[in-house]
Amino acid sequence: MKKMKSNLAMVMCVLMVIGLLAACSSKNNNEAATSSSPSAQPSSTETASASSEPSNEARSTDPITFDMFVNFSWYGNEWNDPVAKNLTAATGVTLNITKPVSDDNQKLNIMLSNKQLPDLVLLDKTDPALQRMIEGGLLYSIDELIDQYTPEIKEVLPKEALTNYKSSDGKTYALVSFIEGEQYVEAAKKYNSLVGSNQPTWSIRQDYWDEIGKPDVSNPDAFIAALEQIQAKHKDKIGFYTNAVGVSTVKYLNTSSVVTLGTGNFFGAQALTKDGDTIKSGLRSPAYQEVIKFLNKLATKGLLTKDSYIDTKDIFSQKINNGDPVSYTWTIADGTKVPADNANTSYTVLTPFSTYKQVRDGSGWTAIAIPKTNKDPKRAIEFLAFLSSEEGHKLTKWGVEGETYTDPLKGAHYHMVDGKATYLPEYWAALQKDWDGVSKQNKLSEYWLSANSVWWNGPEWDANDKEFIEYNKMFGQYVEYDPTLSNMNLDSTSAIGITEKKIIDLYTGYFSKFIFAKDEATALSLYAEFMEKADKLGLAEVEKAWTERYQANNANR
């Protein structure tokens, strides 16, 4: 999402020895800091740098264009920005990026049916299309390409990358980004960064909260009471605002937004719950029913409107920037906006309820695969190796190194402090004020095709950052890791996937009825009605399929 222009001369030198991607510098390692210098350097267990000598074979930088299909309709990069230009200068690679019009997998399924895939495919790691490509023999084994052309990449990848994503034949067919494995958790805890800028939270307008004496808001009833007091004084404002329009477009029932309905993690509702060695839908859970009761109470008091379930992301951002909501749900990074109608105040991140719970599987997000239709698999794996390296992360996320910040585009963005890559305070402040806006300007952090979570997040980490020390105290105790719940999406084209889709369609016609029912009794009655219909459609069969997937995934752990 950011951009970088400097370092090109250095990059061109590095290209001739891209083997250095594994050991660029133990000083610049993956626990890089945020806005001020941490006192300690990373230990050898925390670094993503290579401990052994990398290959000295020169990599080609001759021009080559790869067609890459990104299976996300919202993806906005077109390889025409400074970050892309820097990557092309460093590797010779240009990407011709295409994407679907809608997130229904139709375009990718047609490619699969015709066995006409592009050079690279980027998709969610849980997308059933990935398994279809593997089973169809359409992909190169990443392990074999690495062994043949870029063995040094093994030293910089998270150890889980080539062990936790093996197919039934023992081979790995895609590189997964943003893995939060052992290395990541250890480093994140050390730098008070287990809870980072992307942590889901609620925010409230500080001036309005102060105006009513800053009462306790640490539980649902107290929070609602405070909103009532504020809205009585500011009738034109939205009491509680959350962009939950995505609930209507989910493809899988095990998506968190299904059970949180825009409340983040404040009630601890989880899409999947464990019952012994079986998996149940979070729609059955008491936590989910608390979400319904809370939202219904807000709605009946006029503190929640249908805007939260209709507005697009852009409209959502605009209303928050304008200062229209009293409170809103988002993340820490976007939780302290300065409202346009009062430059002397800001929104403030609220302490979570005691029921807050976030379960992370730590298994990453996207996967990038190299189909056998690729015109030059050697250059393709070398490109991914470069993106996986420290130098690749400098170009795609860290930005320009230097001591003087000019603007988001020119930088400088980071400098080295006590061996740590650290965002300049001015740049970090700009990000915190408007992360989305800054990223649109410089495109740094937009090209996360093979992102190592430690290197990617490193410049934002600072063990001495007082703000994030406090955020980690607020939220850290509620964060759990459970990798056994990863890779649970069911194939939407299978019989059970079609059953799941029917239940989703039923749900999208019901959830707003729960929320905007005339009272709690009616809301819960509608919920019971929905659950009865969901069971008739086959929710128990979906849960059985989840259980089978869960047990198979973890049989060899």
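Our subject is the structure that appears above.
No experiment lies behind these values; they were computed from the predicted model shown.

Draft legend 1. Spotlight on the overall build of the chain. A tally of regular secondary structure across the chain gives 21 helices and 15 strands. Considering only contacts in the chain between residues 6 or more positions apart, those separated by 24 or more positions represent 78%. Per element, the accessible surface of the chain, about 22100 Å² overall, is 50% carbon and sulfur.

Draft legend 2. Fine view of the pattern of salt bridges. Scanning the entire structure with this criterion turns up 28 salt bridges. Put simply, D143 and K166 hold a salt bridge, and the shortest N to O gap is 3.7 Å. Here the residue D143 occupies a position in helix 5 (residues 142-149), and K166 occupies one in the loop between helix 5 and strand 4 (175-176), the gap between them amounting to 23 residues. Classification of K166 by relative accessible area gives partly exposed; the value is 41%. One salt bridge connects E180 with R360, and the closest N-O pair in it is separated by 3.6 Å. With E180 in the loop between strand 4 and helix 6 (182-190) and R360 in strand 11 (residues 358-360), this residue pair connects regions lying 180 residues apart in the sequence. Accessibility assignment for this pair places E180 and R360 in one class, buried. Salt bridges sharing partners connect three or more residues here, namely R59, E152, K378 and E382.

Draft legend 3. Structural view of the layout of surface pockets. Taken as a whole, the second largest pocket holds about 1300 Å³ of empty space. Lining the second largest pocket we find 46 residues, and of these N164, Y165, K166, N487 and N553 sit closest to its centre. Along the lines of polarity and charge, the residues of the lining of the second largest pocket split into 16 nonpolar, 16 polar and 14 charged. Each of two domains, domain 1 (48-180 + 365-391) and domain 2 (200-361 + 486-556), supplies a minimum of three residues to the lining of the second largest pocket.

Draft legend 4. View of the sheet that holds strand 1 (residues 64-70). Spatial ordering of the open sheet is given by 2-1-3-12-4, a layout of five strands whose pairing is mixed. With partners counted over all chains shown, the strands left at the sheet margins are strand 2 (93-98) and strand 4, one partner each. Relative to strand 3 (residues 120-124), strand 1 is paired through three bridges, and the arrangement is parallel. Counterpart to F69 in the pairing with strand 3 is V121.

Draft legend 5. Molecular detail of the environment of Q229. Inspection of the secondary structure puts Q229 in helix 8 (residues 220-233). You can call Q229 partly exposed: its relative accessible area is 38%. Along the primary structure Q229 and E211 are separated by 18 residues, whereas in three dimensions their C-alpha atoms are 9.6 Å apart. Residues within four places of Q229 in sequence aside, it is in contact with I212 and P215.

Draft legend 6. Local environment of unusual backbone geometry. Residue A412 follows G411 across a cis peptide bond; omega there is -10°. Mapped onto the secondary structure, A412 falls in the loop between helix 13 (390-398) and strand 13 (414-417). A positive phi is found at W79, a non-glycine position, where the angle reads about 60°. Here W79 shows up in the loop between strand 1 and helix 2 (82-91). Of the residues examined, W79 reaches a relative accessible area of 9% and is grouped as buried. In this structure, K115 takes a positive phi of about 55° despite not being glycine. Note that K115 resides in the loop between helix 3 (106-114) and strand 3. Under the relative-accessibility criterion, K115 is labelled exposed at 56%.

Draft legend 7. Representation of helix 8 in the model. Between its terminal C-alpha atoms helix 8 stretches 21 Å, which fits the 20 Å expected from 14 residues at 1.5 Å a residue. Regarding helix 8, the residues found buried are A222, F223, I224, A226, L227, I230 and Q231. Where the residues of helix 8 are buried, they touch strand 5 (200-205), helix 7 (206-211), strand 6 (238-241), helix 10 (286-300) and strand 9 (325-331). Where helix 8 begins, one side-chain oxygen reaches toward the backbone nitrogen of D221, 3.2 Å away; that side chain belongs to N219.

Draft legend 8. Representation of the nonpolar core within the structure. Among the nonpolar cores identified, the biggest contains 160 residues, and L95, L261, L295, Y507 and F514 are the most heavily contacted of them. Taken domain by domain, this core gets at least three of its residues from each of domain 1 (48-180 + 365-391) and domain 2 (200-361 + 486-556). Apart from the residues within four sequence positions on either side, L295 is in contact with F240, L261, T263, L304, Y309 and I515. Listed in part, the seven residues of the second largest apolar core include Y241, F316, I320 and Y347.

Criteria and thresholds
Along every chain, residues carry numbers that run from 1 in the direction the sequence is written. Reporting of local features is limited, given that this is a predicted model, to residues whose pLDDT is at least 70; pairs of side-chain atoms are given and counted only at 80 or more, and all residues count toward the totals for whole chains, interfaces and linings. Note that the side-chain values use all heavy atoms of the structure and ignore hydrogens as well as water. Strands here are runs of E lasting at least two residues and helices are runs of H or I lasting at least four, both read from the DSSP assignment and numbered beginning at the N terminus. Whether two residues touch is decided by their heavy atoms; if any such pair falls within 4.5 Å, the residues are in contact. Computed by Shrake-Rupley with a 1.4 Å probe, the accessible areas treat only the displayed protein chains as cover when residues are assessed. Whenever Lys or Arg places a side-chain nitrogen within 4 Å of a carboxyl oxygen from Asp or Glu, that contact is recorded as a salt bridge. For the exposure calls, accessible area comes from a 1.4 Å probe over protein chains only, and a residue counts as buried if that area is under 20% of its type's maximum, exposed if over 50%, partly exposed in between. Definitions used throughout: a 1 Å grid over protein atoms alone; a cavity as a set of points that fits a 1.4 Å probe which cannot get out; a pocket as an open set with protein on both sides within 12 Å along at least five of seven lines; a lining residue as one with an atom within 4 Å of a point. Grid points are joined across faces, edges and corners, and a volume is the space filled by probe spheres set on the points. Charged means Asp, Glu, Lys or Arg here, nonpolar means Ala, Val, Leu, Ile, Met, Phe, Trp, Tyr, Cys or Pro, and polar covers whatever is left, Gly included. What counts as a domain boundary in this text is fixed by an automatic or database domain assignment. Two strands form a pair only when DSSP identifies at least two bridges running between them. One less than the number of residues in a helix, times 1.5 Å, gives the span that helix is expected to have. Under this definition, polar contacts are N or O atom pairs within 3.5 Å; protein pairs additionally need one hydrogen-donor-capable and one acceptor-capable atom, and for neighbouring residues in sequence, both atoms have to be side-chain atoms. Nonpolar core, defined: a set of buried Ala, Val, Leu, Ile, Met, Phe, Trp, Tyr and Cys residues in which side-chain atoms within 4.5 Å join the residues together.

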